[in-house]
Amino acid sequence: MAFELPKLNYAYDALEPNIDARTMEIHHSKHHNGYTTKLNAAISGTVLENESIESILSSLDMSNKAVRNNGGGFYNHKDTKADVMLSLVESSKT
């Protein structure tokens, strides 16, 4: 199972003026995508290839830096903090 970059539920500019669209675009399309791509490369052809991210991290070999760093980055971004921020921005408009 290859991990996929989650689609955002909002436009890159949805958090403006708090976070500008370019920052969101870079963060999602480069930063988060980098974790996703590198995690997939690190687990390709291994027993981890068909595991969930939670399973991978719960039995993590801490010496496997590629899986540790990119799996952790992927997991930390999979339920993006921007969703929380969008909720706060929307609620402040009312």
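A brief look at the structure comes next. (Residues numbered from 1 in each chain as written. Predicted model: local features only at pLDDT ≥ 70, side-chain atom pairs only at ≥ 80, totals over all residues. Heavy atoms only, no water.)

### Some remarks on the nonpolar core
We count it as follows: What makes a nonpolar core is a set of buried Ala, Val, Leu, Ile, Met, Phe, Trp, Tyr and Cys residues whose side-chain atoms join them at distances within 4.5 Å. With a 1.4 Å probe rolled over the protein chains alone, any residue whose accessible area is under 20% of its type maximum counts as buried; one over 50% counts as exposed, and the rest are partly exposed. The numbering of helices and of strands both runs from the N terminus, where a helix is a DSSP run of H or I of at least 4 residues and a strand a run of E of at least 2. Contacts are assigned to residue pairs that have any heavy atoms within 4.5 Å of one another.
Counting eight residues, the largest nonpolar core is built from F3, L39, I43, I53, I56, L60, V67 and F74. At the level of secondary structure, the elements contributing two or more residues to this core comprise α1 (21-43), α2 (53-58) and α3 (65-78). Apart from residues no more than four positions distant in its own chain, V67 is found in contact with A42, I43, L48, I56, L60 and G72. In terms of nonpolar packing, the next biggest core, distinct from the first, is built from five residues, Y10, L15, I19 and M24 among them.

### Some details on the pattern of salt bridges
Any two side chains of opposite charge can pair, given that their charged atoms come close. Inclusion rule: Here a salt bridge means any side-chain nitrogen of Lys or Arg lying within 4 Å of a carboxyl oxygen belonging to Asp or Glu.
Enumeration according to the criterion identifies one salt bridge in this entry. R22 is the salt-bridge partner of E25, the closest N and O atoms lying 3.4 Å from each other. Remark: R22 and E25 occur in helix α1; sequence separation between them is three residues, near one turn of the helix. According to the relative accessible area criterion, E25 is partly exposed, its value standing at 30%.

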